[in-house]
Amino acid sequence: MEFVSGYRDEFLDFAALLFGWFRKFSTERGAVGASLEGRWRQLETQIRRLPQDPALWVLHVLPNRNVGISLGQGAEPGPGSGLGAAQFLGDEHPLHLRDLSPYVSFVSLEEGEEAEEEEEESGEEEGAGLEKVDPDKNGAPAPTSRDSPQEANPPGRPEEPEQEAGGGGGAQDCCRENKAEDEAVPERRKGRRSEAAPLHLSCLLLVTDEHGTILGIDLLMDGAQGSAGKGSGPENLAPRAYALLCHSMACPMGSGDPRKPRQLTVGDAQLHRELESLVPRLGVKLAKTPMRTWGPRPGFTFASLRARTCHVCHRHSFEVKLTPCPQCSAVLYCGESCLRADWRRCPDDVSHRFWCPRLAAFMERAGELATLPFTYATEVTSETFNKEAFLASRGLTRGYWTQLSMLIPGPGTPRHPRGSTPSLSLLLSGDPYQLLQGDGPALMPPVPPDPPRSLFGSWQDYYTWRGLGLDSPMAVLLTYPLTVYYVITHLVPQSFPELNIQNKQSLKIHVVEAGKEFDLVMVFWELLVLLPHVALELQFVGDGLPPESDQQHFTLQRDGPEVSVRPGSGVSGRLSSGTKEKGGRRDLQIKVSARPYHLLQGPKPDLVIGFNSGFGLKDTWLSSLPRLQSLRVPAFFTESSEYGCVMDDQTMAVATGGGTSPPRPNPFRSPFRLRAADNCMPWYCNAFIFHLVYKPPQGGGARPAPGPAPQAPPPAAPPAPARRRRGEKKPGRGARRRR
């Protein structure tokens, strides 16, 4: 598929933007030669002529002593003080963060600190041959003291910055230490290392504006893996900070044209003093005192970055000016050359000349998809939607909300690790909506005492019955169970009336190629509220599920808050929805099969559902779709764009010879518009719905009714076995001869 905006983890686009800018910055900063001083003066002159940004800019100095970065065999650190592994983040197209596990992994540097302190007290020096980062007496990590040959002071820079290291700068202690303490460093975490020590990001220099938009970044790396630890000595911090400010003004990462701030504040006292003589050269006013808190505003948060790239060459917007195609306005290009190259691609069905009128039609649906009843609809459907700021401003930083954001969960957040099985204490704590809460009051009102008297076909109807205000963001999480509800109550009766699904008292549903929806498994409890007299079994199937969850199942019951564990038969939890149930009790069974769908064994389901499927992005669909063709059960799938629906139809035709129904907008789609890197098309989670149209059996005409493949009509008389028939003929011929 050409576009992966609705399927790729947004963190990967964010990381590609950060490392792309950092790689460009490192290359330009590391240039050496006789004209270095002249280049600095030329850059300063250029910055003094830039227009002024009325917003305040902030230079953050952020220590890190907890997380290390381990590079696998697939990624080698590049030259200089940077991450050479960054190249695969932009050049390749991994879809999920777990796809990077062979290349990059994050390790904790906190384990074994007690043992390290004992080693430091005893004076052991087993690991002096390797560069390590150890906590000093104040608890801050001490970096190495090697000077980088690539670093150079800007003109007029004081030659002895260490003489000023006398006061303040609590956050900067992680980046400034006495060289004598680095001469003999004990080996850290002996016995836990595999082959090489993890890289340690000892300090992060970050330039933002007062609204949180990231404008520049510099990573001070220490460690023993390759040469990435060079250039992080303590005397290099002030020159690197000054160089970072210059490049952030000349080439801002976040957005906008080159500009200089009206005023700059620094988050470290000592660095603030060292920059007092340098920053005025750029025509920028430095604040009188350093910043004492995380941000100048209580609600400060890093804004979402739209990692815009050219569709052909993948260069970012901070490198080139990107403009959409003048005809369809859907695809971004850096210039005429990339537009012409994409227009003339071969074969013709992958060229932009083939797709341009189709993409123009997709763009016309943007207004329809943005038509939602919520009070915040204008904000969240905007192309510049800042999701992180939206969630943080509403206190949605814990529980299931962390699955939607790149924000760090708040302290004490009850959440399970991403991609792992929810723990018993979280799932079965007596409140099925615990993980849907934010920092404020309860977001989900009590369950209405009476079941719904009519079927819901819109968010407006559901919110009214459920007692939710139109300012509630719960639709972002409830899009999954409400989509299942819409399929059961509206789409299956329309497309497959012969199944009479609305009169069934139990339903077995397979959720194929499950991913994020399994991480939000408790939101499906709402199905028991909407369909109180139906016993539901949801089986999540997919090789992306955690292997330790394979073959696990648990049952959620609605008759009390007790929790019980039955050995050998899964987990049974009795959750309270706040009301007494009228009529017979119905349960929700959850089963997990961590394998591709075509390898699943078991009884045939009543219904198959897939969320944001992306048939063309995973090879297992070429086997799973024929499996569905053989089962011939109703199979409904959602997509985040019409483009994905077209690609799914083509994949279905290749895999089975069948197709898909015309996609229709999902009234229970997520209201959050998804980020798109190389295009301007509207992408929403669960935006469109379609069902599979199976290839007719041999000799059939129209599409047969779903269900088991029709058997051949029985013959008038059962044929006798071939051997008996031959045996009967032989005696007959012999009798004639005897007569």
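Labelled according to an unreviewed UniProt entry, the protein appears under the name Zinc finger MYND domain-containing protein 15, originating from Acinonyx jubatus.

### Things to note about the overall build of the protein
When helices and strands are counted, the protein shows 19 helices and 22 strands. The contacts in the protein between residues at least 6 apart in sequence include a share of 76% that link residues at least 24 apart. Per element, the accessible surface of the protein, about 33,000 Å² overall, is 51% carbon and sulfur.

### Re the packing of helix α8 (residues 352-363) against helix α18 (residues 642-656)
Two elements in contact, α8 and α18, have axes separated by 9 Å at closest approach and are oriented at 130 degrees. On the basis of their axis angle, the class for α8 and α18 is oblique. Seen from α8, the contacting residues are Trp355, Leu359, Ala361 and Phe362; seen from α18, they are Glu642, Tyr643, Val646, Met647 and Gln650.

### Quick notes on the pattern of salt bridges
Enumeration over the complete set of coordinates arrives at 18 salt bridges. Glu368 is the partner of Arg365 in a salt bridge, and the nearest nitrogen-oxygen pair spans 2.8 Å. The class of Glu368 is partly exposed, set by a relative accessible area of 41%. Measuring nitrogen to oxygen at the nearest pair gives 3.1 Å for the salt bridge that ties Arg365 to Glu642. Linking Arg365 in the loop between α8 and α9 (366-369) with Glu642 in helix α18, this pair joins segments that are 277 residues apart in sequence.

### What to know about the packing of helix α7 (residues 336-343) against α8
Contact geometry for α7 and α8: axes closest at 7 Å, N-to-C directions at 95 degrees. The pairing of α7 with α8 is recorded here as roughly perpendicular in orientation. Facing Leu339, Asp342 and Trp343 of α7, the residues of α8 in contact are His352, Arg353 and Cys356. Of the residues belonging to the contact of α7 with α8, the class tally is 3 nonpolar, 1 polar and 2 charged.

### Re the pairing of strand β1 (residues 52-63)
Consecutive side chains of a regular strand alternate in pointing toward one face of the sheet and then the other. Of all 12 residues in β1, 9 are buried, a share of seventy percent or more. In this sheet, strand β8 (residues 260-266) lies alongside β1 in parallel orientation, the contact comprising 6 bridges. Bridge pairing in β8 places Trp57 opposite Leu264. Of the strand pairs in this sheet, β1 and strand β6 (residues 199-209) are connected by 7 bridges, and their pairing is antiparallel. Within β6, the residue paired with His60 across the bridge is Leu206.

### Notes on the packing of aromatic side chains
Both the distance between ring centres and the angle between the ring planes are used here to describe each pair of aromatic rings. Enumeration according to the criterion identifies 30 aromatic pairs in this entry. Residues Phe456 and Tyr462 carry aromatic rings whose centres are separated by 6.3 Å and whose planes lie at 70 degrees to one another, so their mutual orientation is edge-to-face. Here the two residues Phe456 and Tyr462 agree in accessibility, since each one is buried.

### Observations regarding the pairing of strand β12 (residues 506-512)
Judged by how many residues are buried, β12 sits mostly within the fold: 6 of 7 residues are covered. With 7 bridges connecting them, β12 and strand β13 (residues 535-541) associate as parallel partners. Counterpart to Lys508 in the pairing with β13 is Glu537. The pairing of β12 with strand β18 (residues 607-610) spans 3 bridges and is classified as parallel.

### Section: helix α5 (residues 237-250)
When the terminal C-alpha atoms of α5 are compared, their 20 Å separation across 14 residues agrees well with the 20 Å that a helix rising 1.5 Å per residue should span. Buried residues dominate α5, accounting for 13 of its 14 residues.

### Some points on unusual backbone geometry
Residue Pro347 is bonded to the preceding Cys346 through a cis peptide linkage, with omega at -5 degrees. Even without being glycine, Ser329 reaches a positive phi, approximately 60 degrees. Within the secondary structure, Ser329 sits in the loop between β10 (323-324) and β11 (332-333). Of note, the phi angle at Arg632 is positive, near 55 degrees, even though the residue is not glycine. The exposure class of Arg632 is buried, given its relative accessible area of 5%.

### Details of the confidence of the model for the protein
Considering every residue of the protein, the mean pLDDT works out to 74; 66% of them sit at 70 or more. Segment residues 74-91 is flagged for pLDDT under 50; beyond a separation of four residues in sequence, or across chains, it makes 50 contacts in the model. Predicted confidence is poor over residues 409-425, with pLDDT under 50, and the contacts of this stretch with residues over four places away or in other chains come to 46 contacts.

### Focus on the environment of Thr265
Tracing the chain through its elements places Thr265 in strand β8. Residues Thr265 and Leu59 lie 206 residues apart in sequence; the distance between their C-alpha atoms is 6.3 Å. Apart from the residues lying within four places of it in its own chain, the contact partners of Thr265 are Leu56, Trp57, Val58, Leu59, Ala287, Thr289, Pro290 and Met291.

### Section: the environment of Thr384
Within the secondary structure, Thr384 is located in the loop between α10 (377-380) and α11 (387-393). We classify Thr384 as exposed; its relative accessible area is 62%. Taking C-alpha positions, Thr384 is 10.0 Å from Leu674, a pair spaced 290 residues apart along the chain. Within the local environment of Thr384, its side chain forms a polar contact with the side chain of Ser382, the two groups lying 3.1 Å apart.

### Examining α7
Those residues of α7 lying buried are Cys338, Leu339 and Asp342. One side of α7 holds all its buried residues, which, seen down the axis, span an arc of 100 degrees. Close packing links the buried residues of α7 with β11 and α8.

### Brief notes about the nonpolar core
In terms of nonpolar packing, the biggest core is built from 73 residues, with Trp459, Tyr462 and Phe540 touching the most fellow members. Sorting elements by how many residues they give to this core places helix α14 (residues 475-495) first, with 13 residues. Leave out the neighbours within four places in its chain, and Tyr462 touches Met444, Phe456, Leu468, Leu478, Leu482, Glu526, Leu530 and Phe668. One finds Leu220, Tyr242, Leu245 and Val266 within the second-largest nonpolar core, a separate group that totals 53 residues.

### Brief notes about the side chain of Asp13
Along the polypeptide, Asp13 turns up in helix α1 (residues 10-29). For Asp13, a relative accessible area of 14% translates into the label buried. In terms of polar contacts, Asp13 uses its side chain to reach the side chain of Arg8, at 2.5 Å.

### Observations regarding the side chain of Ser613
Tracing the backbone shows Ser613 in the loop between β18 and α17 (621-631). For Ser613, the side chain forms a polar contact with the side chain of Glu639, separated by 3.2 Å. A polar contact of 3.2 Å, which involves the side chain of Ser613, links it to the side chain of Asp648.

Reading the values: the criteria
Residues numbered from 1 in each chain as written. Predicted model: local features only at pLDDT ≥ 70, side-chain atom pairs only at ≥ 80, totals over all residues. Heavy atoms only, no water. Helix = DSSP H or I, 4+ residues; strand = E, 2+ residues; numbered from the N terminus. Contact = heavy atoms within 4.5 Å. Areas by Shrake-Rupley, 256 points an atom, 1.4 Å probe, with all protein chains shown as cover. Axes fitted to C-alpha atoms, helices over the stretch in contact; angles between N-to-C directions. Parallel < 35°, antiparallel > 145°, perpendicular 65-115°, else oblique. Salt bridge = Lys/Arg side-chain N within 4 Å of Asp/Glu carboxyl O. Buried < 20%, exposed > 50% of the residue type's maximum accessible area, 1.4 Å probe, protein only. Nonpolar A, V, L, I, M, F, W, Y, C, P; charged D, E, K, R; others polar. Pairing = 2+ DSSP bridges. Phe/Tyr/Trp six-rings, centres within 6.5 Å; stacked < 30°, edge-to-face > 60°. Expected span 1.5 Å × (residues − 1). pLDDT = per-residue confidence, 0-100. Polar contact = N/O pair within 3.5 Å; in protein donor to acceptor, adjacent residues only side chain to side chain. Arc of directions from axis to C-beta. Core = buried A, V, L, I, M, F, W, Y, C linked by side-chain atoms within 4.5 Å.

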